[in-house]
Number of protein chains: 2
Amino acid sequence: MSDDRWVPPTVLLAVDLVILTLRKSCLHVLLIERGVEPYQGALALPGGFLGHEKEDLVTAAHRELAEEAGLGPDQLHLEQLGVYGAPDRDPRGRVVSAAYLAIAPRLPEPVAGTDASRACWTSVERALSGDAQLAFDHEQILTDGIDRAREKLERSALATAFCGPTFTISELQEVYEAVWGVPLDARNFYRKVQSVDGFIVPAGPSRKTDGGRPARLFRPGPCTTLHPPMMRPLSQADRETA
Amino acid sequence: MSDDRWVPPTVLLAVDLVILTLRKSCLHVLLIERGVEPYQGALALPGGFLGHEKEDLVTAAHRELAEEAGLGPDQLHLEQLGVYGAPDRDPRGRVVSAAYLAIAPRLPEPVAGTDASRACWTSVERALSGDAQLAFDHEQILTDGIDRAREKLERSALATAFCGPTFTISELQEVYEAVWGVPLDARNFYRKVQSVDGFIVPAGPSRKTDGGRPARLFRPGPCTTLHPPMMRPLSQADRETA
DNA sequence: GCAATAGTGTCTCTGAGACATTATTGC
DNA sequence: GCAATAATGTCTCAGAGACACTATTGC
């Protein structure tokens, strides 16, 4: 096990991004059509190698976020998802990837000001349905990212990151329904989110254009963790129950 | 931003382990006194560089687990914690560390068969109390590991990983109390864990030596996720509530 | 008026928390 | 018998879910 003068192996470090947003009441992820080998022409998560020797991981994530998606660091949730380092995950050699999960508010149009404009929002349903073969192990990373988002909606105020600076309770409900993939009772949801202290706070008198009664506007509250948590109706849970 | 023939920087990849166990009703972590610079003499999490170019991350974690703690892959929970890659976290250069969280059942004696036998179980209270200055960013990694364990006790059957193949409900309660740092009502705990379907299953008639009535033995059940979750009494939660 | 969406009230039932009580061991 | 621990029962109250109802807009 011990050679003389053993030197640890070096690896290439990449950063990959799972960028989620809501479009037309559906959860979407930003994918990029690869222009070069390997996996040329296939869809992949935005990402890239570390820019330079001294670049921090989060900094690299923000850089890719700006370069490939035109998204600035403001009004955007970013958290680390994990590291993916299977020896054969990249045919070019040993590439270890730090994956980050980003949540973007509803954007009017598909990624304004994108540099590599092969980027496109894809519904997660399509992205994971095997139709669109994702490059590398990006299907796994995407799955993990969505799972993380689903879990964090329960105990954290992450849902507000899908919305703009102000939002209505219906919009917030739309987020939960889209990410969890289940319908929720509007009345109970209304009561629930208001009862969780510090989750959302009123933001001035209301205004909305929908055809019905105007809805009140809210802003994200000071609390990041929800007590008690939002409860997700069990969907895959019953499978585990023998 | 674009040199001719830009080459992405390479990094050294390390694996660090947060190994938690219960000793004397207290949560303990395995720390190792460093024998070489940097941080010679300081306490650090067990870990090391990737063994060779083709070694998988989890494999490396298991290898370190065996080498530095004498712990085999059986009867041991291991999950990824995250990646730590601040540019200045290691004075030797750019070292990016994949952190893993391991949960070991109560061991009779301190790390039998340890190779580098500078390893010692340290109570997390001591490890985090600033007294024992941990090397690198290991205090942060340890904090994250404990937080992860605390969270996962709520929604997963992770607590059973702290116990042997069979255990009593009191032993399981000890785990929750030690990891969460709060006392729990034995009667309510008893009712609760039994009511969560598939969490624990009876394992033959009981036998225990304590002086009181013998307790029934249980094994981990088939369910990994708990529905409904175990509820942790709020401790830091009230701080967030304005 | 009607349709549509926002917001409120009320009921029920599950489950968490706070206890008292009974059961089974060693001494 | 007593001490100690295991296991069960009972009560109350908070909160999730189901659903009827009222309020405010555009037409």
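The text that follows walks through the structure, step by step, so that each part is easy to find. This is a predicted model, so every value here is computed, not measured.

Reading guide: rules and limits
Residues numbered from 1 in each chain as written. Chains lettered and ligands numbered in written order. Predicted model: local features only at pLDDT ≥ 70, side-chain atom pairs only at ≥ 80, totals over all residues. Heavy atoms only, no water. Near = heavy atom within 4 Å. Polar contact = N/O pair within 3.5 Å; in protein donor to acceptor, adjacent residues only side chain to side chain. Helix = DSSP H or I, 4+ residues; strand = E, 2+ residues; numbered from the N terminus. Nonpolar A, V, L, I, M, F, W, Y, C, P; charged D, E, K, R; others polar. Expected span 1.5 Å × (residues − 1). Buried < 20%, exposed > 50% of the residue type's maximum accessible area, 1.4 Å probe, protein only. Contact = heavy atoms within 4.5 Å. Pairing = 2+ DSSP bridges. Least-squares fit on C-alpha atoms with pLDDT ≥ 70 in both. Phe/Tyr/Trp six-rings, centres within 6.5 Å; stacked < 30°, edge-to-face > 60°. Axes fitted to C-alpha atoms, helices over the stretch in contact; angles between N-to-C directions. Parallel < 35°, antiparallel > 145°, perpendicular 65-115°, else oblique. Left-handed = near helix turned anticlockwise from the far one by under 90°. Buried area = accessible area lost by both parts, 1.4 Å probe. Salt bridge = Lys/Arg side-chain N within 4 Å of Asp/Glu carboxyl O.

## Here's the deal with the protein's contact with DNA strand D
For DNA strand D, the set of nearby residues contains 17 residues, the closest of which are A:R187, A:K192, B:S170, B:R187 and B:R216. Taking the atoms of DNA strand D that fall within 4 Å of the protein, sugar and phosphate contribute 57% of them. A:R213 is positioned with one of its side-chain polar atoms (N or O) 3.2 Å from a base nitrogen of DNA strand D. The separation between a sugar or linking oxygen of DNA strand D and a polar main-chain atom of B:P214 is 3.5 Å. Secondary-structure elements contributing two or more residues to the surface near DNA strand D are α5 (186–195) of chain A together with α5 (186–195) of chain B. No other element matches the four residues that α5(A) contributes to the surface near DNA strand D. In terms of residue class, the surface near DNA strand D is made up of four nonpolar, five polar and eight charged.

## Some thoughts on helix α4 (residues 169–180) of chain B
All names here are of chain B. An ideal rise of 1.5 Å per residue puts 16 Å on 12 residues; α4 measures up with 16 Å between its terminal C-alpha atoms. Of all 12 residues making up α4, nine are buried, and the element is well covered by its neighbours. I169, E171, L172, Q173, V175, Y176, A178, V179 and W180 are the residues of α4 that are buried. Buried positions along α4 lie against β1 (10–23), β2 (26–33), α3 (138–155), α5, β8 (200–202) and β9 (218–220). In the stretch just after α4, G181 is the one whose phi turns positive, near 70 degrees.

## Some details on the pairing of β2(B)
Residue and element names in this part refer to chain B. Within β2, six of the eight residues are buried, which leaves it mostly tucked inside the rest of the structure. Here β1 pairs with β2 via four bridges, running antiparallel. Its bridge partner being in β2, R23 is matched across the sheet by C26. Here β1 folds back onto β2 in antiparallel fashion, the turn holding two residues, of which K24 has a positive phi close to 55 degrees. Summarising the sheet, β2 and strand β7 (residues 119–123) pair through five bridges and their orientation is antiparallel. Within β7, the residue paired with V29 across the bridge is T122.

## Some points on the protein's contact with DNA strand C
Taken together, 19 residues lie around DNA strand C, and A:S170, A:R187, A:R216, B:R187 and B:K192 are the ones closest in. Here A:Y190 contributes a side-chain N or O atom positioned 2.8 Å from a sugar or linking oxygen of DNA strand C. One of the backbone nitrogen or oxygen atoms of B:G211 is found 3.2 Å away from a base oxygen of DNA strand C. Looking at the surface near DNA strand C, the elements with two or more residues in it are α5 of chain A together with α5 of chain B. The element that contributes the greatest number of residues to the surface near DNA strand C is α5(B), accounting for four residues. Of the residues assigned to the surface near DNA strand C, the class counts are five nonpolar, five polar and nine charged.

## Here's the deal with the relation of the copies chain A and chain B
Superposition of chain A onto chain B requires a rotation of 180 degrees combined with a translation of 0.0 Å along the rotation axis, giving an RMSD of 0.1 Å. On the angle and the small slide along the axis, the relation comes out as a two-fold axis. Distance from the rotation axis, computed per C-alpha, reaches its smallest value in chain A at A:G82: 2.4 Å. Both copies share a contact surface, since 100% of the interface residues of chain A are interface residues in chain B too.

## Details of the packing of aromatic side chains
Inspection of the entire model under this criterion finds six aromatic pairs over all chains. Cluster of aromatic residues (ring-pair linked, three or more members): A:Y176, A:W180 and A:F189.

## Looking at the packing of α3(B) against α4(B)
All names here are of chain B. Contact pair α3 / α4: the axes reach a minimum separation of 9 Å and the direction vectors enclose 140 degrees. The pairing of α3 with α4 is recorded here as oblique in orientation. As α3 packs across α4, the resulting crossing turns out to be left-handed. Across from A149, R150, L153 and E154 in α3, the residues of α4 making contact are V175, Y176, V179 and W180. When its residues are assigned to classes, the contact of α3 with α4 shows six nonpolar, no polar and two charged.

## With respect to the interface of chain A and chain B
Note on interface size: it is often stated as the accessible area lost on association of the parts. Counting residues at the interface gives 36 residues for chain A and 36 residues for chain B. For the pair chain A and chain B, the summed buried surface comes to about 3,400 Å²; carbon and sulfur atoms form 60% of the total. The interface formed by chain A and chain B holds two salt bridges in total. A:R155 is the partner of B:E154 in a salt bridge, and the nearest nitrogen-oxygen pair spans 3.8 Å. Across the contact surface, chain A and chain B share nine residue pairs in polar contact (both at pLDDT 80 or more). Where the side of chain A that touches chain B is concerned, the elements lending two or more residues are β1 (10–23), β5 (77–84), β6 (95–103), α3 (138–155) and α6 (237–240) of chain A. The element best represented in the side of chain A that touches chain B is β1(A), accounting for four residues. When its residues are assigned to classes, the side of chain A that touches chain B shows 17 nonpolar, 10 polar and nine charged. As paired elements, β1(A) and β1(B) share three bridges and run antiparallel to each other. For A:L12, the partnering residue across the bridge sits in β1(B) and is B:T10.

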